Amino acid sequence: MSAARLRAGITLRRAAFTLEVAFAVEPGEVLAIVGPNGAGKSTVLSALSGLVEPDHGSIELGDHRWFDAERAVSVATHRRGVGLLAQQPLLFPYLSALDNVAFGPRAGGVRKAAARARAHAWLEEVGAAELAARRPGGLSGGQAQRVALARALAADPDLLLLDEPLAALDVDAAPDMRGLLHRVLRGQRRPTVLVTHDVLDAVVLADRVLVLSEGGAVEQGVTREVLARPRTAFTARIAGLNLVGGTGGDSAVLAGDVAISGRVVEPIERDRPAAAVFAPSAVAVHRQPPHGSPRNAVRVRLTGLEPRGEDVVRLRAATRTFEAVLAADVTPAAAAELSLAVDDEVWFVVKATEVAIHPASDG
Amino acid sequence: MRFGTRRGTRRPPASASARVRVPVPLWLPAIVALALVVLPVLGLLTRIDPTRLPTLLTSPEALAALNLSLHTSLISTALSVVLGGPLALVLARSRLPGLRVVRALVLLPLVLPPVVGGLALLYLLGRTGVLGGLLENVFGLTIPYTTSAVVLAQTFVAMPFLVVGLEGSLRTAGARYEQVAATLGAGPWLTFRRVTLPLLLPALGSSLVLTFARALGEFGATITFAGSLRGTTRTLPLAIYTTAQSDVDAAVAMSLLLVVIALVVIVVARPKAVEGRS
């Protein structure tokens, strides 16, 4: 496996928008491109894989120049060595799971038996060894996506592209697949670009985040910093959920001197990066510290109150305990009863059952 | 069609309870339409004289025509695949300018009366035609009024069925599987052999059947371009037409042959396009 750095600076004109973006991804690093629908996220991946040609700019992987508009260089997709896992698994329906995974090695000139052996190893790696003989038609969405991941990796690509890999999975299958991706991505040396609309994917999988809006990068940086301290209103909106980063504990995330306990959605390791995620609507606001209950409580200072529609007030708060901006949704009646105002010191309380604990990327 | 929503390539379950009621006034024309299609065939069957049938079916005239028809139709179907298949791929996948005009031209034989097609072939490939003169003088080849002319006429009329069928199926499937193959390192030729072709097989089957059936029934272009020479260009439809002038029973018996072949095509091959599914 080669370990080369990806560098891209491209401009693409479309009828609806102009996409202009520049980024670099180090070997072993995962860059998440997040943003609303139509922001051009998938177009960036198409440009990297060579399925569309940018109007300007260049794309390089290590010493290989894949695309250069000025010098009229454009390497064909099949010669670039990009692995693509899309929203739909797109397994070839007439091949068994094993032969789907063996397709890449076979295309690369590996003999049939050796290609199948390699395919077996990769199916094993993604926990789908028992599906080897099955046709894609008989696989569930989650199973098919695992096989598709094995197929992308078996071709030993120099760059891995993940295009909303969890978006089409149902709620039961997505956490499993996210956990699998976390494990696989952490153990590899190639650069990876992940496109997602789900902040959770970025938290769990990405070292760095690039926020794309209306064709341009509005923010770019280490995942936790971008999401914990959103510098644009847009990033704050997509962040949506409360996210507390820390290290793994006993069914909990240790952040500063607080332990936030919750449900462990994907296995975490002690003292490795982990994140607690909960919705603003799950937060209760108290004037006095609650006692004698198995709930998480964090002392915060209110930094903003904004009405959201008829029956919700969104509270924003900062805490000195750890670095994060937290949000809580309360009813206007509750806000009035507690006579909440900016700079008030209150307690944000959330039940452990409302908190999801995920492993996090190192970023 | 976008393949599947949640679970890969599975179709949503067909719900029988969601059937829409057909308005009552539409039933009458629907029945008339069915009668218009079925009754003539039934009428043909009543005209058959069972005692003379075996003799008529095995007459040298009928056997020669059947033999010629099957041979030429198979050859023109093969020709349609070898030439029309690549054309369908080019129409569906390439981004050449003017492709819309080409696509319209391919449809021409579908809407053109076959007789006109036969005349057109004659004036291109006939002895005095542009290409025909060249073939005659340089290679000593004469095409009109030969079995080759029958094949050409049938291909002219039937190939568009194959091109349209394959192109439609290629465009519906989209290029997404081919793109995946490219990311796995497969070049265009390998992708064609290992991805495009296997995905196309079901559509190829139904298009082949339609193409073969159309070639088998070809009349207008054949009689204009190839004439009606017994044994070399008189295919079954031409033989039926010629015989009907003198011996109606013999013509009916030969028609029965075509009806049987048509039924075999529909029942055995069960082309999806005929069943209303694409």
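Report follows, based on the coordinates. (Residues numbered from 1 in each chain as written. Chains lettered and ligands numbered in written order. Predicted model: local features only at pLDDT ≥ 70, side-chain atom pairs only at ≥ 80, totals over all residues. Heavy atoms only, no water.)

A look at the overall build of chain B
Helix and strand counts for chain B come out as 13 helices and zero strands. In chain B, the order of α-helices and β-strands from amino to carboxyl end is α-α-α-α-α-α-α-α-α-α-α-α-α. In chain B, buried positions account for 37% of the 278 residues. A separation threshold of at least 6 residues defines the contact pool for chain B, and within that pool the share at least 24 residues apart is 73%. Of the roughly 16000 Å² of accessible surface on chain B, a fraction of 71% belongs to carbon and sulfur atoms. (Helix = DSSP H or I, 4+ residues; strand = E, 2+ residues; numbered from the N terminus. Buried < 20%, exposed > 50% of the residue type's maximum accessible area, 1.4 Å probe, protein only. Contact = heavy atoms within 4.5 Å. Areas by Shrake-Rupley, 256 points an atom, 1.4 Å probe, with all protein chains shown as cover.)

Comments concerning the side chain of E164 of chain A
Residues and elements named next belong to chain A. Within the element layout of this structure, E164 appears in the loop between strand 8 (159-163) and helix 6 (173-186). Of the buried charged residues, E164 lacks a salt bridge, with K41 as the closest side chain of opposite charge at 4.2 Å. Residues within four places of E164 in sequence aside, it is in contact with K41, A86, Q87, V195, T196 and H197. (Lys, Arg positive; Asp, Glu negative; His and termini not counted. Salt bridge = Lys/Arg side-chain N within 4 Å of Asp/Glu carboxyl O.)

Quick notes on the interface of chain B and chain A
How big an interface is tends to be stated in terms of the accessible area lost upon association of its parts. If you look at the interface, chain B gives 26 residues, while chain A gives 27 residues. Of the roughly 2500 Å² buried where chain B meets chain A, counting both sides, 61% is carbon and sulfur surface. Taken together, the links from chain B to chain A amount to zero salt bridges. Viewed at the interface, chain A and chain B are joined by one residue pair in polar contact (both at pLDDT 80 or more). Among the elements of the structure, helix 8 (176-183) and helix 9 (188-216) of chain B are those that each provide at least two residues to the side of chain B that touches chain A. Here the side of chain B that touches chain A gets seven residues from one element, more than from any other, and that element is helix 8 of chain B. Split into classes, the residues belonging to the side of chain B that touches chain A amount to twelve nonpolar, eight polar and six charged. (Buried area = accessible area lost by both parts, 1.4 Å probe. Polar contact = N/O pair within 3.5 Å; in protein donor to acceptor, adjacent residues only side chain to side chain. Nonpolar A, V, L, I, M, F, W, Y, C, P; charged D, E, K, R; others polar.)

Quick notes on the pattern of salt bridges
Residue and element names in this part refer to chain A. Under the counting rule described, the total for this entry stands at 26 salt bridges over all chains. The salt bridge partner of R190 is D156, with a shortest N-O separation of 3.1 Å. Placement of R190 in the loop between helix 6 and strand 9 (192-196) and of D156 in the loop between helix 5 (141-154) and strand 8 is noted, with a sequence separation of 34 residues between them. Relative accessible area serves as the criterion here: at 36%, D156 is assigned to the partly exposed category. We note a salt bridge from R301 to D343, for which the minimum N-O separation is 2.8 Å. Of the two residues, R301 is situated in strand 18 (residues 295-308) and D343 in the loop between helix 10 (332-337) and strand 21 (345-351); the sequence distance between them amounts to 42 residues. The partly exposed category is assigned to R301, whose relative accessible area is 34%.

Details of the nonpolar core
All names here are of chain A. In terms of nonpolar packing, the biggest core is built from 52 residues, with L123, V147, L149 and M177 touching the most fellow members. Examining the composition of this core, we find that eight residues originate from one element, helix 5, more than from any other. Two domains each donate at least three residues to this core, and these are domain 1 (6-239) and domain 2 (242-359). Those residues in contact with V147, other than ones at most four positions away along the chain, are L91, A97, V101, L123, A128, L131 and L139. (Core = buried A, V, L, I, M, F, W, Y, C linked by side-chain atoms within 4.5 Å. Domains from an automatic or database assignment.)

Quick word on a nonpolar patch on the surface
All names here are of chain B. Residues L34, L36, V37, V38, L39, V41, L42 and L45 make up a contiguous nonpolar surface patch of roughly 740 Å² in combined accessible area. Residue position: V41 is located in helix 1 (residues 27-46). Since its relative accessible area comes to 34%, V41 is described here as partly exposed. (Patch = residues over 30% accessible without salt bridge, like charges linked within 9 Å, V, L, I, M, F, W, Y side chains within 5 Å.)

Structural notes on the sheet that holds strand 18 of chain A
All names here are of chain A. Strand order across the open sheet formed by five strands is 17-21-18-19-20, with antiparallel pairing between neighbours. Only two strands of the sheet have a single partner each, and these edge strands are strand 17 (284-286) and strand 20 (325-330). Strand after strand, the sheet turns through a mean of 45 degrees between neighbouring axes, direction not considered. As judged from the six bridges shared by strand 19 (residues 312-318) and strand 20, these two strands associate in the antiparallel manner. Considered in strand 20, the bridge of R316 is made with A327. (Pairing = 2+ DSSP bridges. Axes fitted to C-alpha atoms, helices over the stretch in contact; angles between N-to-C directions.)

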